[in-house]
Amino acid sequence: MDLYILRHGIAVEPGTPGYETDADRPLTPEGERKLRQIADAMRALELSFDLILSSPYLRARQTAEIVAATLGARKRLEMSDALTPSGSIKKLVELLKRREPSPESVLLVGHEPYLSELISLLLSGKESFAVVMKKGGLCKLTTESLKPGRCATLQWLLTPKQMALMA
């Protein structure tokens, strides 16, 4: 399985008046613009996904929707509470393992520090391995057998600036 892990784009700051909860914070206009560049880079890389799984938080959902629209994959987009900031890596892994048919290529869209902890756990077996995911950063892992522990290999980790150069 190829696991692509994308952090949401630049969002309205926490505590901004008008946004009651963390889950309500949208992407900023700059965040949307940069995400379109990142999605264009993903298209240039000829990425395609059997499943796009996103946190239901607004900024992550908007990020996933931009990517899905750019790649013509809206019908493969689903939301999962397992990708919220307080989500469970174990539940996420189980959710992916139960999918029938088993997806070969999955895009996960979510938040920090959850995504770094997920990458760390799948690469090293520990959640404390230092990984930095910039807003709009994209990581590719491969695994033969997904489990909540050391099971994956890092193929690449791209910053938003690197992706903008590819668009």
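Each chain carries its own residue numbering, running from 1 in the direction its sequence is written. With pLDDT at 70 or above as the cut-off, local features in this predicted model cover only qualifying residues; side-chain atom pairs require 80 or more to be listed or tallied, and sums for whole chains, interfaces and linings still use all residues. The side-chain values count all of the structure's non-hydrogen atoms but skip hydrogen atoms and water molecules.

The numbering of helices and of strands both runs from the N terminus, where a helix is a DSSP run of H or I of at least 4 residues and a strand a run of E of at least 2. Along the backbone of the protein there are five helices and six strands. Along the chain direction, N to C, the helices and strands of the protein fall in the order β-α-β-α-β-α-β-α-β-β-α. The globule rule is 2.2 Å times the number of residues to the power 0.38, and the radius of gyration it is compared with is taken over C-alpha atoms. Computed over the C-alpha atoms, the radius of gyration of the protein is 15 Å, within 12% of the 15 Å expected from 2.2 N^0.38 for a compact globule of 167 residues. The principal-axis extents of the C-alpha atoms in the protein amount to approximately 40 × 35 × 30 Å. Residue exposure (1.4 Å probe, protein chains only): buried if accessible area is under 20% of the type maximum, exposed if over 50%, otherwise partly exposed. Within the protein, buried positions represent 49% of all 167 residues. Long-range contacts, defined here as pairs at least 24 residues apart, represent 72% of the contacts in the protein between residues at least 6 apart. Here the open area of atoms and residues is found with the Shrake-Rupley method and a 1.4 Å probe, where only the protein chains shown may cover a residue. Of the roughly 8500 Å² of accessible surface on the protein, a fraction of 48% belongs to carbon and sulfur atoms. Working convention for charge: Lys and Arg count positive, Asp and Glu count negative, and His plus the chain ends are omitted. The atoms used to mark charge sites are NZ of Lys, CZ of Arg, CG of Asp and CD of Glu. The protein carries 23 positive and 20 negative side-chain charges, and their two centres are separated by 2 Å. It only takes one pair of heavy atoms within 4.5 Å for two residues to be counted as in contact.

Let's shift gears to the environment of leucine 92. Relative to the helices and strands, leucine 92 resides in helix α3 (residues 89-98). You can call leucine 92 buried: its relative accessible area is 1%. In this structure the C-alpha to C-alpha distance between leucine 92 and leucine 118, which are 26 residues apart in sequence, comes to 9.7 Å. With residues up to four places along the chain from it excluded, the contact list for leucine 92 reads Leu53, Ala82, Leu83, Leu108, Tyr114 and Leu118.

The buried count for helix α4 (residues 114-124) comes to nine of 11 residues, which makes it a mostly enclosed element. Three or more residues of α4 are buried, namely Tyr114, Leu115, Ser116, Leu118, Ile119, Ser120, Leu121, Leu122 and Leu123. Contacts made by the buried residues of α4 are with β1 (2-7), α3, β4 (105-110), β5 (138-143) and β6 (152-158). Remark: glycine 125 follows α4 within two positions and exhibits a positive phi of approximately 85°.

With that out of the way, let us pick up the sheet that holds β4. When DSSP finds at least two bridges between two strands, those strands are taken to pair. In spatial order, the strands read β3-β2-β4-β1-β5-β6; together these six strands make up an open sheet with mixed pairing. Each of the sheet's edge strands pairs with one partner strand only, and the pair in question is β3 (77-79) and β6. Along the sheet, successive strands turn relative to each other by an average axial angle of 20°, direction set aside. Bridge analysis of β1 against β5 gives five bridges, and the strand direction is antiparallel. Of the residues in β5, the one forming a bridge with isoleucine 5 is cysteine 139. Only the stretch in contact is used when fitting a helix axis, every axis being a line fitted to C-alpha atoms; angles between N-to-C directions are given from 0 to 180 degrees. Contacts from α3 reach β1, β2 (51-54) and β4 within the one sheet, and its direction differs from that of β2 by about 155°.

Attention now goes to α3. Inspection of α3 places Ile89, Leu92, Val93 and Leu96 among the buried residues, and these make up the whole buried set. Looking straight down α3, one finds its buried side chains confined to an arc of 95°; they lie on one side. Exposed side of α3, more than 90 degrees from the buried face: Lys90, Lys91 and Arg98 are the residues found there. Where α3 is buried, its residues touch β1, β2, β4 and α4. Between N or O atoms, a polar contact is any pair within 3.5 Å; within protein, one atom must be a potential hydrogen donor and the other a potential acceptor, and residues adjacent in sequence are included only when both atoms are from side chains. Two to three positions downstream of the cap, the backbone nitrogen of lysine 90 sits 3.3 Å from a side-chain oxygen, assigning the N-cap of α3 to serine 88. When we speak of the arc, we mean the arc of directions from the helix axis to the C-beta atoms.

Glancing now at the side chain of threonine 28. Examined against the element boundaries, threonine 28 turns out to sit in the loop between β1 and α1 (29-44). Within the structure, the side chain of threonine 28 is placed 2.9 Å from the backbone nitrogen of glycine 31, a separation counted as a polar contact. Ignoring sequence-local partners within four residues, the contact set of threonine 28 consists of Ile10, Ala11 and Val12.

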